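These are the residues of each chain, in order.
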Amino acid sequence: MINAKDLTKRYAGRTAVESLSFRVEPGQIVGFLGPNGAGKSTTMRMLSGYLPPTSGSASVNGFCVFSQSLEVRRSIGYMPEMAPLYTDMRAKEYLRFRAELKGLAGAAMRRRVDEVMEQCSVQSVRRRLIGNLSKGFRQRVALADALLASPPLLILDEPTNGLDPVQIRQVRELLRSLRGRQTILLSTHILQEVEALCDRVLMIHQGRLLADDTPAALTRNLRSAQLWVELQADEAKAREALAALPGVRRIEDPPSSEGRDPDWVRLMLRLEAGQDPRSSVSEVAMREGWALRELHLQPASLEDVFVELASMDRAV
Amino acid sequence: MRLLWILLKKELRSFFVSPVAYVVLALVMLLSGYSLRAALSILERGPSEGSIVQWMFQPNWFWLSYFFAFPLLTMRLFAEEKKMGTMETLFTVPVETWQVVLAKFSAALLVYGLLWLPSYLNFELIRWITAGQVVVPGGALAGSYLILAFMGAFNLALGCLASSLTSNQIIAAVVSFTLSLLHFLAGLFIMVLGRRVSESFVDIISYFASMEHIRTFSSGLLDTRPMVYYSSLTLLLLAFTHQVLEFRRWKP
Ligand SMILES: Nc1ncnc2c1ncn2[C@@H]1O[C@H](COP(=O)(O)OP(=O)(O)OP(=O)(O)O)[C@@H](O)[C@H]1O
Ligand SMILES: [Mg+2]
């Protein structure tokens, strides 16, 4: 559905996206992750044909985004960042205008507009001026616009940005219901969203692709699981003994030791990928005669992976 | 064609939901009222060589309304889309850039045409009130509106270009006003200069001088040269506008 090869975009003196290559297969929901300024929006603009790449190429639905722009535009529903809309139009009127631009007409157009308004829960504001709508409603009108022509590919730039939790869940359900029928590329900062929704994650940082995998594989393979240990021991000694265990990468300071039992030491161990040193920890505790009252393995979340990848990259 | 019509409808609609169209309309009505009074007072003084139509399009009042209309009608067209980011939604649906340019330009031209409707009604009113004593020559009237349309198209195209260059409406308005005025003054300058130098300059003058064009056409004489001049400039400016909008898509 999407085939990007060495996609590069330079703005005056600044490289926003650097030789990004990836493929998206039909029917997949792909999450696009990356810290602020990573180049997500820039990539999406290039894929939608709005901006030409500085070098490299991309095709959408088999059409080149640069030379076959109109065909590409017919194949996508694009929702830009910040949901730009005509503020002097009413919600329904706007959607009808957009539907007509996208080639729908007559009764079919009116039916489709009603349908997407229902799907995105904007029926209640259909007669109001878009300029007077709250951010969340504008966001939903923009999403409805992207859905209008039932395009094979949806490119959504932070679709749930600014929505309340109930709405976020609804939008997630909506996108999930489109799975299989439409391919979706969405960018987001909410990592649970990716875990809950996406078949694949593309993680980019400073314009370069860091990871391209399923959310599960990413969290499994990246060395980010944490082990919480609470012992009754001398802290320096405990740290030394635990750090020496195989599978432990380093010991991090727990977030806060305020109000803690002074006799007890609580430590967080960062583990190597796929390692589980819980039994060795309890052996050490037994051997040294330390009381052990917490031993908790927390599997890595995507968030850890994300923070880890970003910081790893900075160190390089 | 269908897309052009959809876009045009939307542009016309935005003119009339915002106060801009009404403000310009009121302004032009007011100023053309003053022009008419000036024209009538000239006729009152006794027999004159020109018709009321000719005197109507001479006073400064007329030129004032003429220059104010263009920036006000065009400043919004592209600058606002840029500012609000709706360029991105507009150019990711299957429309061609030239369709957008043409729709916006045509909408401005139609609203501009509407501006001269009250002045036409004024003429009809005068004809009716004076029971035909004040002659309103039909040919002169048609000629005046014809050249106004051509001059308007040119200045509106200038405004479109100015608006496509910036995301700030005020800057767009100032640029378009300045360029229109410069074009007018250049014509005036050549005209005055031409009179001084030699009569053979008159031919060249008739190409540039808007004042001269109005004078000719409002006396009922149709000259194709200004029409060609204005329409080719209009096309050129619209082509520039198109290029400015496409610039984004140029390969660096
Ligand atoms: N028009 C522009 N001119 C110059 N630089 C730009 C332009 N647009 C974006 N950039 C730069 O390109 C880089 C990538 O921006 P982009 O908007 O793609 O990031 P993003 O991943 O969408 O970030 P966010 O999560 O904040 O939305 C940034 O460093 C940004 O400053
Ligand atoms: Mg972004």
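## With respect to the nonpolar core
Now for step 1: Of all hydrophobic cores here, the largest spans 144 residues; its most connected members are Phe57 and Phe123 of chain B.
Now for step 2: For this core, the leading source of residues is helix 9 (residues 138-164) of chain B, giving 13 residues.
Now for step 3: In this structure, Ala225, Leu245, Val265 and Ala285 of chain A belong to the second largest nonpolar core, which totals 18 residues.

## Some points on the site of ligand 1
Residues and elements named next belong to chain A.
Now for step 1: The environment of ligand 1 is formed by 14 residues, the closest being Gly37, Lys40, Ser41, Thr42 and Glu81.
Now for step 2: One of the backbone N or O atoms of Gly39 is found 2.9 Å from an oxygen atom in ligand 1.
Now for step 3: One of the side-chain N or O atoms of Glu158 is found 3.4 Å from an oxygen atom in ligand 1.
Now for step 4: Expressed as a share of its isolated accessible area of 640 Å², the protein-covered part of ligand 1 is 67%.
Now for step 5: If one sorts the elements of the shell around ligand 1 by residue count, helix 1 (residues 40-47) sits on top with three residues.
Now for step 6: Residue composition of the shell around ligand 1, grouped by class: four nonpolar, six polar and four charged.

## Section: the sheet that holds strand 1 (residues 2-11) of chain A
Residue and element names in this part refer to chain A.
Now for step 1: A sheet is described by the order of its strands in space; here four strands give the open sequence 2-1-4-5, paired in antiparallel fashion. Both outer strands of the open sheet, strand 2 (14-24) and strand 5 (63-64), are each paired with one neighbouring strand and no more.
Now for step 2: Of the strand pairs in this sheet, strand 4 (residues 55-60) and strand 5 are connected by two bridges, and their pairing is antiparallel. Across the sheet, the residue bridging to Ser59 is Cys64, located in strand 5.
Now for step 3: Along the sheet, helix 1 makes contact with strand 1, strand 2 and strand 4, crossing strand 1 at roughly 120°.

## Focus on the sheet that holds strand 13 (residues 264-271) of chain A
Residues and elements named next belong to chain A.
Now for step 1: The sheet built from four strands is open, its strands ordered 12-13-11-14 with antiparallel pairing. With one partner strand each, in any of the chains shown, strand 12 (248-252) and strand 14 (291-298) form the two edges of the open sheet. Direction aside, neighbouring strands of the sheet carry axes that sit 25° apart on average.
Now for step 2: Bridging between strand 11 (residues 226-232) and strand 14 involves seven bridges; their strand directions are antiparallel. Bridge pairing in strand 14 links Trp228 to His296.

## Considerations on the coordination of the magnesium ion (ligand 2)
Geometry reference: four tetrahedral donors at a metal, ideal angle 109.5 degrees. Six octahedral donors, ideal angles 90 or 180 degrees.
Now for step 1: Taken together, Ser41 of chain A (OG) and Glu81 of chain A (OE) make up the protein donors of the magnesium ion (ligand 2), found 1.9 to 2.2 Å from the metal. On the criterion of sequence distance, the pair formed by Ser41 of chain A in helix 1 and Glu81 of chain A in the loop between strand 6 (76-79) and helix 3 (91-101) is long-range, its members being 40 residues apart.

## What about the domain arrangement of chain A?
Reports of interface size often rely on the accessible area that becomes lost once the parts have come together.
Now for step 1: Each domain of chain A was delimited in the assignment, giving domain 1 (2-75 + 151-220), domain 2 (85-145) and domain 3 (224-299).
Now for step 2: A straight line from the C-alpha centre of domain 2 of chain A to that of domain 3 of chain A covers 55 Å.

## Examining empty space enclosed by the protein
Now for step 1: Taken as a whole and judged by the stated rule, the model has two cavities of 30 Å³ or more.
Now for step 2: Reported here for the largest cavity is a volume of approximately 80 Å³.
Now for step 3: The wall of the largest cavity is formed by Tyr86 and Asp88 of chain A together with Lys10, Glu11, Ser14, Arg76, Leu77, Glu80, Glu81, Met84, Thr86 and Lys104 of chain B.
Now for step 4: At the level of secondary structure, the elements contributing two or more residues to the lining of the largest cavity comprise helix 1 (2-17) and helix 5 (76-84) of chain B.
Now for step 5: Residue composition of the lining of the largest cavity, by class: three nonpolar, two polar and seven charged.
Now for step 6: By volume, the second largest cavity is sized at about 40 Å³.
Now for step 7: Around the second largest cavity, the lining residues are Tyr86 and Phe97 of chain A together with Leu7, Lys10, Glu11, Glu81, Leu90, Val100, Ala103 and Lys104 of chain B.
Now for step 8: Counting residues per element, the ones that place at least two in the lining of the second largest cavity are helix 1 and helix 7 (97-115) of chain B.
Now for step 9: Broken down by class, the residue content of the lining of the second largest cavity amounts to six nonpolar, no polar and four charged.

## Considerations on the packing of aromatic side chains
The geometry of two aromatic rings is summed up by the distance between their centres and the angle between their planes.
Now for step 1: Summed over the entire model, instances satisfying the criterion amount to 12 aromatic pairs over all chains.
Now for step 2: Ring geometry for Phe70 of chain B versus Tyr112 of chain B: centroids 5.3 Å apart, planes at 35°, classification tilted. Taken together, the positions of Phe70 of chain B in helix 4 (residues 60-74) and Tyr112 of chain B in helix 7 put the pair 42 residues apart, joining distant regions of the chain. Accessibility classification places Phe70 of chain B together with Tyr112 of chain B in one group, the buried group.
Now for step 3: Here a set of aromatic residues connected by ring pairs shows up, and it is made of Phe67, Phe68, Phe177 and Phe184 of chain B.
Now for step 4: Here the guanidinium or amino end of Arg140 of chain A rests over the ring plane of Phe137 of chain A, the centre of that ring lying 4.0 Å away.

Definitions and limits used
- Residues numbered from 1 in each chain as written.
- Chains lettered and ligands numbered in written order.
- Predicted model: local features only at pLDDT ≥ 70, side-chain atom pairs only at ≥ 80, totals over all residues.
- Heavy atoms only, no water.
- Core = buried A, V, L, I, M, F, W, Y, C linked by side-chain atoms within 4.5 Å.
- Buried < 20%, exposed > 50% of the residue type's maximum accessible area, 1.4 Å probe, protein only.
- Helix = DSSP H or I, 4+ residues; strand = E, 2+ residues; numbered from the N terminus.
- Near = heavy atom within 4 Å.
- Polar contact = N/O pair within 3.5 Å; in protein donor to acceptor, adjacent residues only side chain to side chain.
- Areas by Shrake-Rupley, 256 points an atom, 1.4 Å probe, with all protein chains shown as cover.
- Nonpolar A, V, L, I, M, F, W, Y, C, P; charged D, E, K, R; others polar.
- Pairing = 2+ DSSP bridges.
- Contact = heavy atoms within 4.5 Å.
- Axes fitted to C-alpha atoms, helices over the stretch in contact; angles between N-to-C directions.
- Donors = N, O, S within 2.8 Å, 3.2 Å for Na, K, Ca; no water.
- Domains from an automatic or database assignment.
- 1 Å grid on protein atoms, 1.4 Å probe; cavity = no way out; pocket = protein on both sides within 12 Å on 5 of 7 lines; lining within 4 Å.
- Points joined across faces, edges and corners; volume = space filled by probe spheres on them.
- Phe/Tyr/Trp six-rings, centres within 6.5 Å; stacked < 30°, edge-to-face > 60°.
- Lys NZ or Arg CZ within 6 Å of the ring centre and 35° of its normal.

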